[in-house]
Amino acid sequence: MRRPSDLPRNDGRTRTGRISGRAVLITVGVLILVVVVFGRAVARFYVDFLWHDGLGRSDVFWGVLRAKLTLFGLFLVSFLVLAGVNLLIADRLRPTRFPANVHPYVERFHEVFGHRLRLVRYVGAGVLAVMVALPTTSQWQSWLLFRNSQSFGRADDQFGADVGFYVFDLPFLAFVLDWLFVAMVLVLMITLLTHVLNGGVVFAAPTPSVRPATKGHIAVLLAVLAALKAADYWISRYETTNERRGFVQGATYAVVNAQLPSLMLLVLIAVLTAGLYLATLRGVSWRVPFIASCLWLVVLVAGNLIYPAAVQSLVVRPNQQAREAPYISRNVLATRVAMDLSLDQVIVREIQLSSLTATDVEADVAPLQDVRLLDPDLMLSRFQIDQGQEAGLTVADLDPDRYLVGDRQQQVLVAARELDLGGSPNQSWQGRHLINTRGCGLVTAPAGQVQQTDRPVYTNVELTRPELYFSPTLTGYAVAGTSETERECAANEPYSGTSGVRMSSFVRRAAFALAFLDYSVLGSGAIEDDSQMLWVRNVRDRLDKLAPFLSYDGDPYPVVVDGRVKWVVDAYTTTNRYPYAQRIGGDVQLTVGSGLSRDANYVRNSVKAVVDAYDGSVTFYVNDPEDPIIQAWQGAFGELFTPGDEMPAELREHLRYPEDLFRVQTDVYSKYRLEPAAFFQREGAWSIAQAPSSQPRVDDSATAPAGPADTADGGAVDEPDLASESSAARFEPYYTMFHGVQPPSDEDEFVLLRPFVPFSRNDERTQLQAFMTASSDPATYGQLTAYLVLDPLPDGPRTIANNMDSDPDVSREITLQSGGGTRVRFGDLQIVPVGDGLIYVRPFYIGVTQPNGNVVTEYRYVVVSHQEQTAYGRSLQEALAGIFPGFDAELGDRLGETPIDPTDPVEPVEPGVPVEPSGT
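Residues numbered from 1 in each chain as written. Predicted model: local features only at pLDDT ≥ 70, side-chain atom pairs only at ≥ 80, totals over all residues. Heavy atoms only, no water.

J.: Describe the packing of aromatic side chains, listing the residues and the values that go with them.
T.: Considering all chains together, one arrives at 49 aromatic pairs under this definition. Ring geometry for Tyr-166 against Tyr-238: centres 6.1 Å apart, planes inclined by 70°, an arrangement best described as edge-to-face. On the criterion of sequence distance, the pair formed by Tyr-166 in helix H6 (residues 163-198) and Tyr-238 in helix H7 (residues 212-239) is long-range, its members being 72 residues apart. In this pair, the class of Tyr-166 matches that of Tyr-238, namely buried. Each member of the aromatic cluster is reached from another via a ring pair, and the members are Phe-75, Trp-143, Phe-146, Phe-172, Phe-175 and Trp-179. The ring of Phe-181 carries the charged tip of Lys-229 above its face, separated from the ring centre by 5.1 Å. (Phe/Tyr/Trp six-rings, centres within 6.5 Å; stacked < 30°, edge-to-face > 60°. Helix = DSSP H or I, 4+ residues; strand = E, 2+ residues; numbered from the N terminus. Buried < 20%, exposed > 50% of the residue type's maximum accessible area, 1.4 Å probe, protein only. Lys NZ or Arg CZ within 6 Å of the ring centre and 35° of its normal.)

And the structure:
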């Protein structure tokens, strides 16, 4: 028999010297794995840089990377120093002669690693340093805010520290202390292990044997841990200004009189324990620091948890108003400032309502001419059928805005014809990425006008660049400027943008192919050197990638500026660390997709982010230069932001006050307008008016809730002590052209409006108490005005809506219009001040179910109500005449006599000029 050593070596080669097929497969597999895993990471890093560079924002790319590397380096070096010094000390303290009775595992460890044991320890410490330093890179935002901290110019009432300390400094300091504590625990563990391996600790029966020098080293490390914990308790005192233990958020009675003293006691015990551990170096028994540590644990549980809870239950609750009065005052004043609702910033006007006559209404018809007949949510399906019917294009959203229509400014609904890749007839790779690359144009319709056919009065907006390569619904990538002919849009000129990534080299194309795992990017012959990769085309994703430290509104809206479409997105700076301010909470009904966190207790609409729909260029206009948080980010990325006064006037005229911010502010104002003395009893508090149902009560199938309420952040209920309303849907704020209240004015103002009713826990109060407006006009942008209705209070929105659909004539019409695949829906209930009174107006729609199951909404009537009288009609003039006999003023809400075919092409015309209907 041949010996194994005599057999041919299997080195992957055959007898002829050729490499075997198995070796080739293994080698290729390893290479592919390396390229896909590691090569793709490099490719994604490279294309990420190219994306920022194409936008001219390489400063942001390198700024973020520099911040992450700085944090990684600082914490890596810190851990290496801590671990290295202690390992060096442990080696210096090792016994001169290795013990003979060490544990077998220790002996085996020495046999395996031998003289390389020290190297293994230091390499292991290095690996551990990398592991604990890498997660710190996620704190780059806190680090940049810490480095660029600003003063708020306001001190908290408990400690007298500037609010900027809480927002900018405290988060990073608390993180550093937590990290140091964890790092020292790890250093203690590897130091103990080193002493065990060096023989400083011997595990022998009946008890382990520890050398005095080793005990001293461990005592010093335990003292450092205790000292770090003392510093952590000291810092934690400041974090109590956002506690949620009492009636309101902040350091209330139990926190100030129980929890803070407990924290100070913990600080003293931790310092004492650290001193006792150090005292063991001079011969003090280890029992003393051990007893101190046990006492520490008892105080931690009893003093920091049980005692404050007992004080809250036994001392505060029986006398809550008296005990917490000064802390409630702190909360009220802080919340007003944090939510930009200082009483001197909100104009309050009292109004006395009276009954109107036909003469009164005819003398003030301007507000009625701006009533909105077309609801943006309900009319979306109608726009999609009429204006997005071309395959591959769709209307995904309707946005209220104001434009000059005819001879006056009117509210219009603006719809972008966005690209719909799912509906494109060409689903090939070329079709999805080279041909169907863009949406095409905008269409508008006056919100207060309909044709005789009940269709909107559509207007195509003339644009020099109607192509929409970027929009809120787009995903994936497109390559523009290829040899393929892109889908036709207007003049169909070649792409001339400069913010994409030029595919000018093989390396760039290969990087994108690897990053996207799409070989076609590399293999396509249609992509040329001048072609541009358009990547991250969703507007929100684009902003999140460029400035992730801002929070973004969920409703981008298009604006025409210099013949191009610009997507405007409201950006917020927020924090949850403003001392004593109340958080947004789960009761506020935000819009779906809102970027506001319910945990935030400070909000500013500090930036207007603008994305060019043609080339994707991004501009961040500073809307609130006084905001300290945006000042800090300007310090970190100065070139990223553009001063607000450099915003084009054409764009400024179409800015909108953000709806989500208005929802938060109206909810807060309804309670925090009260003086602190009345806040506890809720005397004079308001509630957001209950939302009227969009479906008639007589419709037995109407089971949908009264309005959308986003509970994406958990819908958490606020503290039980703080009285709040029921969770019923609240009145949705709406944009409108507002003409003022008493006396009537012909000057209109584009505002958000939301009504209030008197506060009640069970919604039994439904009278109209007040309503608030937020101006979007350039001259008065952001001005909040509260209109306080004097007694006797009129019926509120829910009562009016119930009266409307229970009116005999309206109820009969609802019955006639329902059934056979149609269902009645109501639009927004609008509050229209006319003369010295109020008129409620509500459009009446029918939803027609199509064979494919989709529901298309059609306008039918408008319902009006005043002083418990209700009437409806095909036009607003007809409906008003039903309440005010003799009223015959022309309101212009009905246009045209000849029906049009909505599928007929509409020629581009001057912006704001209605398209003339063509007969069919």
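Next comes the rest of the write-up.
J.: Let's hear about unusual backbone geometry: which residues, and what values?
T.: Of note, the bond from Asp-791 into Pro-792 is cis; its omega dihedral lies within 30 degrees of zero at 0°. Examined against the element boundaries, Pro-792 turns out to sit in the loop between strand S24 (784-789) and helix H22 (797-806). You will see that Val-536, though not glycine, has its phi angle at about 55°, which is positive. Looking at where Val-536 falls in the secondary structure, it is placed in the loop between strand S13 (532-534) and helix H17 (539-546).

J.: How would you explain the sheet that holds strand S12 (residues 501-502) if you had to name every residue and give the values?
T.: The strand order S11-S13-S12 describes an open sheet built from three strands, whose pairing is antiparallel. Each having just a single partner strand, strand S11 (478-480) and S12 make up the two edges of the open sheet. Both S12 and S13 contribute to a ladder of two bridges, which runs antiparallel. Each bridged residue has a counterpart across the sheet, and for Arg-502 the counterpart in S13 is Gln-532. (Pairing = 2+ DSSP bridges.)

J.: Can you tell me about the pairing of strand S7 (residues 442-446), naming the residues and giving the values?
T.: Remember that side chains alternate between the two faces of the sheet whenever the strand is regular. Of all five residues making up S7, five are buried, and the element is well covered by its neighbours. Inspection of the sheet shows strand S5 (residues 408-419) paired to S7 by five bridges, in the antiparallel sense. The partner of Ala-415 across the bridge, within S7, is Val-443. Pairing between S7 and strand S9 (residues 459-460): two bridges, direction antiparallel. From the neighbouring strand, Val-443 faces S9, where its bridge partner is Asn-460.

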